[in-house]
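Report on the structure
Read off the chains here:
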Amino acid sequence: MSAAAGGLADVLERAFDGIAAARAGISPPLAPREVGRITSIATGIAKVSGLPGVGFEELLVFPGGLFGIAFNLDEDEIGVVLLGDYWHLHAGDEVERTGRVMDVGVGDALLGRVIDPLGRALDGLGAPATRTRLPVERSAAPIMDRAPVNVPLQTGVKVIDALVPIGRGQRELILGDRQTGKTAIAIDTILNQRGQDVVCVYCAIGQRASAVAKSVAALREQGALAYTVVVVTEGNDAPGLSYITPYAATSIAEYFMEAGRDVLIVYDDLTQHARAYRELSLLLRRPPGREAFPGDIFYIHSRLLERATHLCAERGGGSLTALPIIETEGQNMSAYIPTNLISITDGQVYLSPSLFALGVLPAVDVGKSVSRVGGKAQRATYRAVAGDLKLAYAQFEELESFARFGARLDADSRKSIEHGQRIRACLKQGEGAPVPVAGQIALLLALGAGLFDRVPLDRMAAAEGAVQEAAAAMPAALAARLESAATLAVADRAALVDGARAALAPFQPGAA
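Now for a description of the structure that goes with this document.

Each value, and the rule that gives it
Residues numbered from 1 in each chain as written. Predicted model: local features only at pLDDT ≥ 70, side-chain atom pairs only at ≥ 80, totals over all residues. Heavy atoms only, no water. Pairing = 2+ DSSP bridges. Helix = DSSP H or I, 4+ residues; strand = E, 2+ residues; numbered from the N terminus. Axes fitted to C-alpha atoms, helices over the stretch in contact; angles between N-to-C directions. Contact = heavy atoms within 4.5 Å. Expected span 1.5 Å × (residues − 1). Buried < 20%, exposed > 50% of the residue type's maximum accessible area, 1.4 Å probe, protein only. Arc of directions from axis to C-beta. 1 Å grid on protein atoms, 1.4 Å probe; cavity = no way out; pocket = protein on both sides within 12 Å on 5 of 7 lines; lining within 4 Å. Points joined across faces, edges and corners; volume = space filled by probe spheres on them. Nonpolar A, V, L, I, M, F, W, Y, C, P; charged D, E, K, R; others polar.

1. Remarks on the sheet that holds strand E4 (residues 66–73)
Pairing is antiparallel around the closed barrel formed by six strands, whose spatial order is E1-E2-E5-E4-E3-E6. Averaged over all adjacent pairs, the angle separating strand axes in this sheet is 45 degrees, with direction ignored. Where E4 meets strand E5 (residues 78–82), five bridges bridge the pair, whose relative direction is antiparallel. Residue asparagine 72 lies in a different strand from E5, and its bridge partner there is glycine 79.

See below:
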């Protein structure tokens, strides 16, 4: 028998076997596949042809299990953003559709874990056992599903809780030049949520690996990692990963919010996010605009931050509070990205490099910081004791600038300056040392009553510690009333002032 005849016999034999299997009720599984080819590769992106049915932002699979997102849908080719290490790809490699958009695993199993935006573990503890997946891009809650922001989120930072309060469901921007303490405020806020039944998500976007390791170590040492999910993209990762990181972290946070829980999410920082999106857009040949950012740079942040909200009771009553961080250059708050985010958020906390250089930490510039919502959520006890504090502090800063020029001041002005110096000293706070509500109210009451005015400036730190110790020793019933009371009772105010006066007695001039 010739080789050709033998080959034909094999084909016929397989055909008859297939017919016999079909008659026996056995049919092989058949599924259509749409496969394209890579036409070119650049830094972080790929151009693909041969996928006519692909959808916008559909997930594609490349050789080696690498994922990509279809971003540009042109007539003859597709621009794909790559989500990982792409050095092994070559022109001509196969690309396959998945029929779904980018999603991430969510659930309680993520608490205490450090993951990347694809859900892969970075802490060496194995893959998280998540059973539910949510798309990273989701629509924000409709207006009628939202409730007013009326519950405070205590940061533990005295100057913020007293003068720039934040409510649960608010979006409060933290901005300032590099190395002014932006991340420190966010980490302190997470540390202060211990025992408050608030789930925290820390989202590090394009940060140095050493900086992220420091933040994770601080959370672990303080026991805050147990209620925190850390989503990380390092500075050497692909720009596509940096782009999807905040969206993936928000989907993880929304899972807990929709379960009726209060959630805090920190984006550290959106400057790196905007730069990653600019890089991808320029590589994909999208038209550049101001500062070479694409025209939709506002939209990528607005659709992200609009997902932070306080849900109504019918939707479970959960909340998602966002603390986006942005880096300014040369104290320029009017640059493109900072002004975009200031217009999207409900207020900002501005950190001044001048105050930082003077050792005023946290370096919050009270005059340039504002909360457009949190005042409605601030506890009545805070409003009662901190109402005149911001005005007194602003007057002090103005008088201080006059005094620098050698202007002659009257007795009232000198008294205002001395009082303002005590306010500034009391608002100083070390990193990783959040102050509880009772201690903050006792300090603010003592400031308002002028009890610190006779304390020497070099002894202010010790005097403040004495007042906080006295507040910690107050009766539990009084502490509970400070947490929940609608107004500060006269008797409670008198008790707090008397306790502060007794604690400050050893620090007055002439005391033994």
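What follows picks up the thread again.
2. Brief notes about the environment of valine 201
Structurally, valine 201 is set in strand E11 (residues 198–207). Taking the C-alpha atoms as reference, valine 201 lies 15 Å from glycine 223; in sequence the two are 22 residues apart. Apart from the residues lying within four places of it in its own chain, the contact partners of valine 201 are Val229, Val231, Ala249, Ala253, Val263, Leu264, Ile265 and Val266.

3. Regarding helix H12 (residues 389–404)
With 16 residues, H12 should cover 22 Å at 1.5 Å per step; its first-to-last C-alpha distance of 23 Å lies within 8% of that length. Turning to H12, its buried residues are Leu389, Tyr393, Phe396, Leu399 and Glu400. Seen along its axis, H12 keeps its buried residues to an arc of 130 degrees; they face one direction. Summarising the geometry of H12, the exposed residues directed more than 90 degrees from the buried face are Leu391 and Glu398. For H12, the elements touching its buried residues are helix H2 (158–163), helix H11 (380–386), helix H13 (411–427) and helix H14 (437–448).

4. Re the sheet that holds strand E15 (residues 347–351)
Taken together, the eight strands give an open sheet; going across it, the order is E8-E12-E11-E13-E14-E10-E15-E16, and neighbouring strands pair in mixed fashion. Across the chains shown, the open sheet's two edge strands, defined by having one partner strand only, are strand E8 (114–115) and strand E16 (370–371). Helix H3 (residues 182–191) rests against strand E10 (173–176), E11, strand E12 (228–234), strand E13 (262–268), strand E14 (319–327) and E15 of the sheet, and its axis sits at about 160 degrees to E14. Helix H5 (residues 239–258) contacts E8, E11, E12, E13 and E14 of the sheet and is inclined by roughly 175 degrees relative to E11.

5. Details of empty space enclosed by the protein
Evaluation of the coordinates by the stated rule reveals four cavities of 30 Å³ or more. What the largest cavity holds in volume is close to 60 Å³. Along its surface, the largest cavity is lined by Val159, Val360, Pro362, Val364, Val366, Tyr393, Arg424, Leu427 and Lys428. In this structure, the second largest cavity spans a volume of roughly 50 Å³. As for the second largest cavity, its lining consists of Pro152, Leu153, Gln154, Asp161, Pro165, Ile166, Gln378, Arg379 and Tyr382. Class assignment of the residues belonging to the lining of the second largest cavity gives a composition of five nonpolar, two polar and two charged.

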